[in-house]
Structures are given as C-alpha cells and as structure tokens.
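Reading the structure
One letter stands for each residue in the lines below.
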Amino acid sequence: MNHTKGGLVIFTANSHPSSRELGKRIAERLGVELGKVQVYQEANRETRVQIQESVRGKDVFIIQTVSKDVNTTIMEMLIMVYACRTSCARSITGVFPYFPYSKQCKMRKRGSIVSKLIASMVCKAGLTHLITMDLHQKEIQGFFNIPVDNLRASPFLLQYIQEEIPDYRNAVIVAKSPASAKRAQSFAERLRLGIAVIHGEAQDAESDQVDGRHSPPTVKTTGAIHPSMEIPLLIPKEKPPITVVGDVGGRIAIIVDDIIDDVDSFVAAAETLKERGAYKIFVMATHGLLSSEAPRFIEESAIDEVVVTNTIPHELQKLQCPKIKTVDISMILSEAIRRIHNGESMSYLFRNIGVDD
C-alpha cells in the first residue's frame, strides 16, 4: 500500500549491490518502487549516472550508504544530486544514514575539517535537505546551509537490549572512554541501569593531544616572540593506569558508542571488563564500519556480541564473524521520508530526545 502522496521518487545512488538493500527496504515500507537509475564505473574509473525516468517537478530522495570505497560513494551522490537538479526536480533530499568523513570534523594540526568540505559540496551540487543518523558530532549540522534531520538509532538499540538480552536488568552500561560517557548515561537512564566508565586508556585520534590548538611548535623561538613576552607552556597530559569507575563484577557489560570501526579499543575494553569480573560483554553501536581485520579481532576477543544497525552494509563481515548482529532502522528512515514528502512535522521522530542524546 502506498503511504505517500504522488510525486515521490526514491533512488539508490550506490553501484554496489549489497548497498542497495536498505533502499529496497525503505521503498517496500513506503509502498513504492525504486526509481530507475544506472550508476556504474567506467573503464577509466569515472562514475557514470544515468537517470532513466522523469523527475521534473517531483520530490526526489536519494539513499546512499557508504561502501568500502568511500570516495566513490561521495562522487556517486554528488553526480546523482546534480543530475536531478539539472532535470528540474522540485526538491532533492539526500538520505545519508552514515555521513562520510564525519570523524574529521575538528582541526587536526595542519589538516582540515573535511566534513565541512563534504557538506559544502553536496549543498553546491543541489541538495535541498539531508536526512542522516547519529552524526559523530551534532555540531556537524552547522556545516550545512540546508535543513538537516539527525535521527537517532538509540530507540532500536534499547529495544534490542530489552528483548534480546534476557538478564539485562543485571547489566551495566559502559563507556569505553570518558568521551562517550554522555551516550552511556543516556542509555543507563532509559534502562534504569548503572553506569561504568573506563579511564586511562591509550590516547586515540579523538583526543585533544592532536587538536589544531597544538599546531604551533612548543619550543621557544626567541626570534618570533618579543623578549618581554613569556608565553607559558601547557603541561602535557599523562594518563593514569587503566581503571574502571563503577562496579562490573558479576554483571553484563554493555559498551555503547556511535561508531565501531577499528576495534582495538573495544577489544582492550572487553579484556579490562573481563578482568574486573564482567561475565558477558556486548558492544552496541549505530554505525558498523568494521574495517580491515575487525571481524577476526572480534571473533578472537572476549566480546560476546556486537550489535550494529544497517546504516552501513556489513553482510560480508557477518559471514566472517557470527558475533555480529544487525538491527534494522529502515522504519524510521521511511517514516522521515514520508513526513518530509507529505509536509508533516518531524517532531514525532524526536520524542523524548534530549540535547545530550
């Protein structure tokens, strides 16, 4: 049954077959057929997009999931958006469940804020609205000059915990670093559970140590500084030995985060929790990038189960590691598309969501 008004077209912009699965699920829920489009790579690796139906005066929704080749993914999206714009579509909404380069949203030494660049590119191509999910930093919304709906996957992950973990009342929500403590607190308060925080782990790429504020040299350069000015140097950070703040002995430990890609920190956290007496360890994350050897490391680790959503296709990783489970979030994406197309309020999808969620 069609749940939308007329004039709706849904395209999937990804040339990889496994990446089109989410688009099919969304179209099925909305009771429409996927739009006809060809997206492929030519012999010289250029991306070619051919839209095979009229989009004039229609609301176009382009669903793009991130494949292994993230740069090709971005080019596919840009070319398709521009193609719809030049074909006189009334509006063009991008559905990016996982926004690529979202981890590069801060200045790193003499680097750049790449997520701002990507935002500018998709806006310039002709995008009029963006639907995404659990941005790595919510401030990324400010990089766009178009409306952005940053949906949340936490209701689906919370439901999984309640329905699939029989003894979840004996669980504790764990933040693998102080940086993810707010997310852990949000889960703990909704499930009425305790919280634990692992502190003292090795520095990671998200720490302030590599922030752009440290780009000036720390050595004194007498020629560049006026003799009367003595700028005090910042005392370097020294992390203490790994400690777990909170009781995990005899409990189920549920580690929560937004992205699981390089699993080294998760594996190390699981080992620490096992040493402190946790008898079962789950990892819950919205985006399962699971790059490189991640499935093998998970399989050989103390982690009992990794639960991620299907914002990113990971069927191959699931074949390599049976510990990886998937939660379907096509329901909330299809409802967001329906409401935007029909001109309905989006506030229903953000019920009980606070600033820190």
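Now for a description of the structure that goes with this document. (Residues numbered from 1 in each chain as written. Predicted model: local features only at pLDDT ≥ 70, side-chain atom pairs only at ≥ 80, totals over all residues. Heavy atoms only, no water.)

1. Quick notes on the packing of aromatic side chains
This model, assessed by the stated rule, comprises 2 aromatic pairs. Where Phe96 meets Phe99, the ring centres are 5.8 Å apart and the plane angle is 85 degrees; that geometry is what we call edge-to-face. For the ring pair Phe99 and Phe144, a centre distance of 5.4 Å and an interplane angle of 70 degrees mean the geometry is edge-to-face. Placement of the pair is Phe99 in the loop between strand S5 (91–96) and helix H3 (114–125) and Phe144 in the loop between strand S6 (129–133) and strand S7 (148–151), with a sequence separation of 45 residues. Linked through ring pairs, Phe96, Phe99 and Phe144 together constitute an aromatic cluster. Above the plane of the ring of Phe266 lies Lys176, whose end atom (NZ or CZ) is 4.9 Å from the centre. Against the face of Tyr348 rests Arg351, its NZ or CZ located 3.9 Å from the ring centre. (Phe/Tyr/Trp six-rings, centres within 6.5 Å; stacked < 30°, edge-to-face > 60°. Helix = DSSP H or I, 4+ residues; strand = E, 2+ residues; numbered from the N terminus. Lys NZ or Arg CZ within 6 Å of the ring centre and 35° of its normal.)

2. Considering the pairing of strand S14 (residues 324–327)
Taken together, the 4 bridges between strand S13 (residues 305–309) and S14 define a ladder with parallel strand orientation. From the neighbouring strand, Thr309 faces S14, where its bridge partner is Val327. Note that the unit made of S13, helix H8 (residues 315–320) and S14 has a crossover that is right-handed. (Pairing = 2+ DSSP bridges. Right-handed = clockwise from strand over helix to strand, strands pointing away.)

3. Here we look at the sheet that holds S7
Reading across from one edge, S1-S4-S5-S6-S7 is the order of the 5 strands in this open sheet, with parallel pairing throughout. Edge strands, defined here as strands with exactly one partner in the open sheet, are strand S1 (8–12) and S7. The mean inter-strand angle of the sheet, taken between neighbouring strand axes irrespective of direction, is 15 degrees. Note that S6 and S7 share 4 bridges and pair parallel. Following the sheet pairing, Ile131 is matched in S7 by Asp149. Packing against the sheet, helix H2 (residues 70–86) makes contact with S1, strand S4 (59–63) and S5, and its axis sits at approximately 165 degrees to S5. Contacting S1, S4, S5, S6 and S7, helix H9 (residues 330–342) crosses the sheet at an angle of about 160 degrees to S6. (Axes fitted to C-alpha atoms, helices over the stretch in contact; angles between N-to-C directions. Contact = heavy atoms within 4.5 Å.)

Everything listed here is a matter of coordinates, which is why it stays silent on function.
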